[in-house]
Amino acid sequence: MIRSEKTRNFIIEKTAKIFNKKGYTGTYLSDLTNATGLTKGSIYGNFKDKNEVAVEAYKFNYKFQTEQIISKISQEKKAIDKLIVFLNHFQKSYKQIFENGGCVILNTAVDSDDGNELLKIEVIKSINKWQQTIVLILDEGINNKELKKININEFSYRMIAMIEGSILLAKTLKQPEILTKNIDYLKTETYQLKKE
């Protein structure tokens, strides 16, 4: 790894949590220099602008959150177990998610919706990836005769919406039970997909 790559990675790692907590517009250059101990020149010597740092920080945060989930899913063989492991992740890891500022997809989607096209593109890619992961699991379960036939797009978007909405409410209102109880509801709905 060349020196500039090391510096870029250092900047991304040190600023990722700040962007997730404060958002793109709420994160100032002084936050970046304070977090890294680097000068403005060092940061902009490695990145074109704050926007580029924000996009890379988003990718870092997204990768950090999803690697754990994908690793757990890949250990399961049956579709229903993959879905439950997926839901369990949010139910058991919510404290870590909250400490890191909340769900990176949700935070960045709100922050970039009307103001930052590059970040918005990354968020859309992430949501599509998440939805496709659920769709593939459901499709596999239906094809293997494990799960009932359902509208897999509708189910996957409902699952994502409930998880994201529950994280938003639980973190904002400081009531984690909103998330944990809604995950229980989703688990019940998921178990009902099993073929008799």
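Now for a quick tour of the structure. (Residues numbered from 1 in each chain as written. Predicted model: local features only at pLDDT ≥ 70, side-chain atom pairs only at ≥ 80, totals over all residues. Heavy atoms only, no water.)

So, about a positive patch on the surface. A surface patch of positive charge is lined by K17, K21, K171 and K174. Looking at where K21 falls in the secondary structure, it is placed in helix α1 (residues 3-26). (Patch = residues over 30% accessible without salt bridge, like charges linked within 9 Å, V, L, I, M, F, W, Y side chains within 5 Å. Areas by Shrake-Rupley, 256 points an atom, 1.4 Å probe, with all protein chains shown as cover. Salt bridge = Lys/Arg side-chain N within 4 Å of Asp/Glu carboxyl O. Lys, Arg positive; Asp, Glu negative; His and termini not counted. Charge placed at Lys NZ, Arg CZ, Asp CG, Glu CD. Helix = DSSP H or I, 4+ residues; strand = E, 2+ residues; numbered from the N terminus.)

In terms of nonpolar packing, the biggest core is built from 49 residues, with F86, F90, M159 and I163 touching the most fellow members. Of all elements in the fold, only α1, α4 (50-74), α5 (79-92), α6 (94-99), α7 (104-112), α8 (117-143), α9 (152-173) and α10 (176-191) reach the threshold of two or more residues within this core. Discounting chain neighbours no more than four positions away, the residues touching M159 are L83, F86, L87, I134, L186 and T190. (Core = buried A, V, L, I, M, F, W, Y, C linked by side-chain atoms within 4.5 Å. Buried < 20%, exposed > 50% of the residue type's maximum accessible area, 1.4 Å probe, protein only. Contact = heavy atoms within 4.5 Å.)

Position of L29 relative to the elements: it lies in helix α2 (residues 29-36). Between the C-alpha atoms of L29 and K50, which are 21 residues apart in sequence, the distance is 7.5 Å.

Once that is clear, we can look at the packing of aromatic side chains. Within this structure, the stated rule accounts for five aromatic pairs. When the ring of Y58 is compared with that of Y62, the centres are 6.2 Å apart and the planes differ by 15°; the resulting orientation is stacked. On the criterion of helical spacing, the pair formed by Y58 and Y62 is a turn pair, its members being four residues apart in helix α4. Here the two residues Y58 and Y62 agree in accessibility, since each one is buried. Ring geometry for F86 and F90: centres 5.6 Å apart, planes at 70°, overall edge-to-face. Of the two residues, F86 and F90 both sit in helix α5, four residues apart, roughly one turn of that helix. Taken individually, F86 and F90 each receive the classification buried, so the pair is uniform in this respect. Following the ring pairs from residue to residue traces out a cluster consisting of F86, F90 and W130. (Phe/Tyr/Trp six-rings, centres within 6.5 Å; stacked < 30°, edge-to-face > 60°.)

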